[in-house]
Structures are given as C-alpha cells and as structure tokens.
Amino acid sequence: MEQGFFHQFLTIIAAAVVVISLFRRIGLPPILAYLSVGSLLGPYALGLVSNDKSIALLSELGVVFLLFMLGLEFSLPRMIAMRRTVFGLGSIQVLATSALLMGLAMLAGLTFTASLVVAGALALSSTAIVTRELIRHSEINAPHGRLSVAILIFQDLAAVFFLILVPTLASDRTSINLHSLIPTLLQGGAILAALLMFGRTLLPRLLNEVAKSRSDELFVLTTLVAALTAAWLTHAAGLSMALGGFLAGMMLGESRYRHQLEADIRPFRDVLLGLFFVSVGMQLNLAALAHNGHWVLLLTLGLLLLKASLIALAAWLLQRDMGNALRAGICLAQGGEFGFALLTLASSHQLISSELNALVVAIIILSMLCTPLLIRFSATLSRGIHRPAKDSRVPALNAPLPEDLEELSDHVILCGYGRVGQVITRFLQPLQIPYITIDSDPVRVQEAAAAGERIYYGDARRTDLLKTLGSSRARLLILTFPSDSDALTALHGLKHHFPDLPVLVRTQDDSRLQELQDAGATEVIPEALEGSLMLVSHVLTLLDIPRDAIESRISRVREERYRLLHGYYHGGQSRKLDRRGAQAKVLHPVVLSPGCHGAGHSLRELQIKAEVESIRRGDALLSAVDMDTQLQDNDIVILRGSVSLVERAEAILLAG
C-alpha cells in the first residue's frame, strides 16, 4: 500500500530516533545513522518509504540551510581575501580531478558524455558531510579546515557549471553545444550579481526594521524568507538552490545579527539535513551492491586514494604545508551530494544507463559512509603518511646544551607550554626562579624560542630527555598535560629514575586523582575544583567572612583531597559519565518513609557501600555521620557515589 507523505515522514523520524540513539551508544556519528535509516527503509530494502518529490524537496532545503549557515561564516571581504585559495586551489583540484576521472572513464569504454557526467559526479566532495563533521570536531577554522572549506566553496560554484553543462549534451553526445551554454551562463551570472547587490544593500536594512519590532517569530520568519527566496531565485535561473542559500548567508555574514541568525536556522537545518541523508541512503540498492560488491569496494577505495592524493598535492603546491594538505585531502576524498543531482539530471536526459547510475551512486554513498571516520582520524593518518622534519630554528634536545644549562640546578622543569604552562612562567620570571620548558608542539616551540624563552622540543614522557634537562638537579617538575594518561606514563618513568624529585600534576578534574597520587605525584591540582574554591573564596570575602577562616576552610578541603566537592545533584542535562567513560559521582537524597527497611537500623547493619554525605532529621543536619548512626523514620539520607552504587544503596534503604 502506498503511503502518504505524513506517514513516510513519521516513519523516517521515528526510525531516526531509534537508530541515532543506538549509534550514539557505540560512538558512531549521526550521519551514518541517517544513511542507514534511508537504506533500510528505502525501496531497495523494506520499502516502507519512497524518495518522492516531497521528501526530496525537504532534503534539498536541508542542504540550503546548511550552506546558508556556512555562508554566514564567510563574508564577501573574507571570500575576496581567500581568493587565492578558493579560485587557485579550488580550480586546480576540480580541473585535475575531473580530467583524470574522465580519462579513466573513457579508457573503461564509456562515451564522452557519460565520462563527463561520471567525472563531474565524483570530482566534487560532500559539502554537507565535511562541513558538519568539521564543525562537530571544532576544526572548521583549523588550517586544514579552512583549506577544505575553500575548496568546497569553489566546488559549489563548479557545480553550477556542471548543472548548466549537462543539458547542452543532450542533443549531441560527442560535443558541447556552446550556443545554448553561453546564454545560460550569462543568465546565471546576472542572477548572482543581482543577489549580491540585494544582499549588500536592502537585506541588512530589512533585518534592522524587523529587529526593532522585538518579535522573535517575525525575525525567524524573515530569516527563512531570505534564505528560501535566494534559493528560489537561483533555482528559477537553472542554478543550484544550495548556491542561493550560501549567497544569502554570505551577504548577512557581516551583520550584527549573524549569531542570532545561526541560532534561528539551526533547528531547521538539523532536521531537514537529516532528511537529506535519509534520501541519500534510499538510493543505495543493496541487492546491486551485493552483486557487484567487489567492484564497488575497489572503485570506492580508488576514488578515495585518487582524490586525497590530488587534493593533497594541489594544496601542498599552493601552501607548502604537507601536514595540513594531507588532512584536507583526506577530508575531501569522498563523492558529494551534488553527484546525486547531476546523475538524476543526466538520467532524465538519457545520457547514462541505469546500471552505470546505480554503480556510481553506490560508490558515492560508500565513500560518504567512510567520511566521518576519515575526518575523525585525519590527523593520525596524516602523521602516519608524513612526519614533518624538525625546523632548524627549533631547539633540538639532541643538540649540545648550553654550558649554563648543564650547570643549572634548583630549577623548575615545566613539561608542556600551553595556556597553563605560560601562566606559570609569568609568575616565575619576576621571582627570578630559573626554569626550563619542554613541549611537543614545534610551532609553539619555535614561537616561544623566537621570543627568548628557554624552551626545547621533545616528548616529556621520555625520561632520557628529562635527564638531559637536569632532572636529577631540579627543584620541581610540573606536568601540564591535557591527558591524564600521558601524565601517568610520565610519572611512572620519573619515579623510577628520579624518586626524590617533587612532581606537581595539573589535571582538568579529579576523576583520576587517586591514580596520579599513587603513581608518585607530590601534588595534583584539579583545575575545575580549584576554580570552584577560588570562586568560593571571593563569595565568602564579599560576605565579610574573616580571611583566616576562609583560608582555613579551603586548606581543609585540599587536605581532604577535595572530598567536599565530590558529587553533585544531577539534572536532566547532567553527564552521567566522566571523561574516562566511568560513572560520575552524584548526590542523591533518599526519604525514609515510615515502614521502610532502613528505619531503625544502623549504617553498619545495612552494609551500604555508597558514602552517606549527611542525614537531615527534621530541621537538623547531621554531617558527622558514622557507621553506628541509627536511622529513623522520615530521615532524609544524602548518598554520594557512582550512579550504580547510589541505586543499590537506595534499594537497601527502602526495601532491604
């Protein structure tokens, strides 16, 4: 039975809720969940939904809103400033990849037009997946992220050309009809110029008037109208709807409403973009994939390697930065959503066969499925392929050390020169306390060394390097690693070779405080808890509490290893796991209603393993609780511990 749009839409979002929840539990990105939903519910599997015009339109609007938000980040002046990367690197990538893919397709026996369509479909990458994953990993403004986005911007412009080019191939399958191509290009250029003029002059004034009304609904509606109108204009001109969304966002990127626009569009983008990925998954013919699986896997691997290599080479020729060039190539190695639009258009003009269409669609989808993992591990893959040579201007630990350093004693060795390390040195310098720093970031080392800092490049977990820095004569060693695991590795080596050296460890929280102390740390400073203590000291000072009383109380908290600060009443948005994935400590009250098991028993008798923080009995708060404390009816027992321990303790208190 054919389902209506509402039934299909409900089926999709219900399945998406279930699958995304499952994928989140195993650490897979939502994009893979949406693609899986589409392939499972689509016409080639269960057949519960079909990729009809309504679903296709909504999914395309998701890409429009994604490009609108991307445009907000790239104003026209920034676009002009990036012209060398956008038009230089982007054009090299598109032309080189298209030419090579077209040549390979013709060698495989495809016609000129079919080769051109396949090359165009595979040469461009997925703006939707790449930008979303870069934003998700906070890498959109990293060097490789900027390279990737610059290439994607040119690819979106090149997509317009391909969409205009394909219809001109319909009449003659061996050449391009320039008589129909040139007028269409001129029409597209006129639409782009009109949008740029409108966006620079009238649109900001319109938003100013809307903002004066102080109506959130009106502002949201105006934002939607602006994005959709631009998309409609480009679509009416025979161009990509996504291009219109990008231009509208780019025009508003310089306005003071940019952040509000992002917040208003994000819910629409997330839902509709999810539908886009579902519609992409619907095009995956599982039977055809199983029948030609070996070819699909081989060609997908070839596409990923070919595009990654060409993009990395082009980026390296332009930037001379192999590390980021490789990461950009890895990020953009897949096929893109534009390929589906181009293949659909070519099929409607009978330029490619249905079998070839199914094969190319499967290759693009499979390459898209690989993309989130490739982006996630792009840094690791890049380092595995290319290890940067040490800059000659960076101090090297294997170089002869200065004589004054060899004689240095009673100094501080600072392992890590990030934000925390640099703050520490700013306090050591005025006190004329000698120190030396080691860091594994060659750029940071180069910058600090150029500024006159005594800093060396190297891995602070290597005890041979620390020995070279005079650890046996040092007064203190400070570990400021962001990773507790790295700090533990360094501690084990330090305590084995330098057992008398005091070591202070900075960590983000107290989740591994005991492990670090057992490994030999003299002091462990959890940033989050120390920040809370600093806040408390200011609060008590403003309340006119004597300074001696404040310092005494805070010192007691430190001596008790921050016990007072462990555990919090959790809320609906609280994290139930700490950074290691273990259960976080929580506080939970249990009311002993009359007749429950715990009333009349001592804590020792109940054998509760969760810690009892305190007991509220009437208006009194019993904070000095021991194992012989007798519980009474209507007591409120405040439990502290992991979620599982607290749940078991509550069950014992209430039911035994």
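If you're wondering where the values come from, they're calculated on a predicted model, not measured in any experiment.

S.K.: Whenever I open this one, the overall build of the chain confuses me. Can you help?
M.R.: Counting its regular elements, the chain contains 28 helices and 11 strands. Per-residue burial for the chain yields a buried fraction of 46% across its 656 residues. Only carbon and sulfur atoms are counted for the fraction: they give 60% of the accessible area of the chain, which is about 33100 Å².

S.K.: Got a minute to help me understand the packing of helix α2 (residues 30–41) against helix α7 (residues 127–136) in this structure?
M.R.: Angle between the axes and distance between the axes are the two parameters that describe a pair of packed helices. As a packed pair, α2 and α7 sit with axes 11 Å apart at the nearest point and diverge in direction by 145 degrees. Between α2 and α7, the contacting residues are P30, I31 and Y34 on the first element and I129, R132, E133 and R136 on the second.

S.K.: Would you mind going over helix α10 (residues 216–236) with me for this structure?
M.R.: In an α-helix there are 3.6 residues to a turn, and that puts residues three or four apart on one side. The terminal C-alpha atoms of α10 lie 30 Å apart, and with 21 residues this matches the ideal 30 Å at 1.5 Å per residue to within 8%. Among the residues making up α10, those that are buried are F219, T222, T223, L224, A226, A227, A230, A231 and T234.

S.K.: What should I look at first to understand the nonpolar core in this one?
M.R.: Side chains of a nonpolar character, in soluble globular proteins, are inclined to be buried together. Counting 114 residues, the largest nonpolar core has V117, L122, F277, L343, V360 and I364 as the members making the most contacts within it. For this core, the leading source of residues is helix α8 (residues 143–165), giving 11 residues. If near-sequence neighbours (up to four positions away) are discounted, V117 is found in contact with V166, L342, L343, A346, L351 and I352. The next biggest cluster of nonpolar side chains, apart from the first, holds 26 residues, and it includes I436, L501, V503 and V505.

S.K.: Is there a simple way to think about the side chain of S378 in this case?
M.R.: Take S378: it is sitting in helix α18 (residues 378–385). Residue S378 is classed as buried on the basis of its relative accessible area, which comes to 0%. Discounting chain neighbours no more than four positions away, the residues touching S378 are R327 and I330.

S.K.: What exactly am I supposed to notice about unusual backbone geometry here?
M.R.: Leaving glycine aside, a negative phi is the common case for residues, and trans is the common case for peptide bonds. Positive phi, normally seen in glycine, also occurs at Q432, with a value near 55 degrees. Positionally, Q432 belongs in the loop between α20 (419–428) and β2 (435–439). Classification of Q432 as exposed rests on a relative accessible area of 72%. One non-glycine residue, N634, adopts positive backbone phi at about 70 degrees. By the element assignment, N634 lies in the loop between β10 (620–622) and β11 (636–642).

S.K.: How should a nonpolar patch on the surface be read in this particular structure?
M.R.: The grouping of L535, V539, L543 and I545 at the surface amounts to a nonpolar patch, some 370 Å² of accessible area in total. Mapped onto the secondary structure, I545 falls in the loop between α25 (527–542) and α26 (547–559). Judged by its relative accessible area of 36%, I545 falls in the partly exposed class.

S.K.: What is the right way to look at the sheet that holds β2 in this model?
M.R.: By definition, the strands of a sheet pair up through backbone hydrogen bonds, in either a parallel or an antiparallel sense. With parallel pairing, 6 strands are arranged side by side in an open sheet as β3-β2-β1-β4-β5-β6. Edge positions in the sheet fall to β3 (455–457) and β6 (523–526), since each of these pairs with one other strand and no more. On average, each strand axis in the sheet is inclined to that of its neighbour by 20 degrees, with strand direction left out of account. Note that strand β1 (residues 412–415) and β2 share 4 bridges and pair parallel.

S.K.: Where do I start with helix α6 (residues 112–123) in this structure?
M.R.: A rise of 1.5 Å per residue sets the reference length of α6, with its 12 residues, at 16 Å; its end C-alpha atoms lie 16 Å apart and thus fit the reference within 8%. When we look at burial in α6, the residues that qualify are T113, A114, S115, L116, V117, V118, A119, G120, A121, L122 and A123.

S.K.: Can you walk me through the environment of I636 in this structure?
M.R.: Position of I636 among the secondary structure elements: in strand β11. Residue I636 is classed as partly exposed on the basis of its relative accessible area, which comes to 27%. Filtering out sequence-adjacent residues up to four positions away, I636 remains in contact with P589, V590, V591, S614, I615 and R616.

S.K.: Just checking my understanding: could you explain the pairing of β6 for this structure?
M.R.: On any regular strand, side chains alternate: one points to one face of the sheet, the next to the other face. Residues V524 and P526 line the buried face of β6, whereas the alternating positions E523 and I525 sit on a face that is not buried. When strand β5 (residues 503–507) meets β6, the two strands line up parallel, connected through 4 bridges. Pairing of L504 across the sheet is with E523, part of β6.

S.K.: Looking at this model, I keep getting lost on the packing of helix α16 (residues 337–348) against helix α17 (residues 354–376). Mind explaining?
M.R.: It is the contact of α16 with α17, at a shortest axis distance of 10 Å, that shows an interaxial angle of 170 degrees. Judged by the angle between their axes, α16 and α17 are roughly antiparallel. Two secondary-structure elements touch here, α16 through E337, G339, F340, L343 and S347 and α17 through N357, V360, V361, I364, I365 and M368.

S.K.: Help me understand the environment of W232, please; the structure alone is not making it clear to me.
M.R.: With respect to the helices, strands and loops of the structure, W232 is situated in helix α10. Relative accessible area serves as the criterion here: at 56%, W232 is assigned to the exposed category. Sequence separation between W232 and G245 is 13 residues; the distance between their C-alpha atoms is 9.1 Å.

Quick notes on the rules
- Residues numbered from 1 in each chain as written.
- Predicted model: local features only at pLDDT ≥ 70, side-chain atom pairs only at ≥ 80, totals over all residues.
- Heavy atoms only, no water.
- Helix = DSSP H or I, 4+ residues; strand = E, 2+ residues; numbered from the N terminus.
- Buried < 20%, exposed > 50% of the residue type's maximum accessible area, 1.4 Å probe, protein only.
- Areas by Shrake-Rupley, 256 points an atom, 1.4 Å probe, with all protein chains shown as cover.
- Axes fitted to C-alpha atoms, helices over the stretch in contact; angles between N-to-C directions.
- Contact = heavy atoms within 4.5 Å.
- Expected span 1.5 Å × (residues − 1).
- Core = buried A, V, L, I, M, F, W, Y, C linked by side-chain atoms within 4.5 Å.
- Patch = residues over 30% accessible without salt bridge, like charges linked within 9 Å, V, L, I, M, F, W, Y side chains within 5 Å.
- Salt bridge = Lys/Arg side-chain N within 4 Å of Asp/Glu carboxyl O.
- Pairing = 2+ DSSP bridges.
- Parallel < 35°, antiparallel > 145°, perpendicular 65-115°, else oblique.

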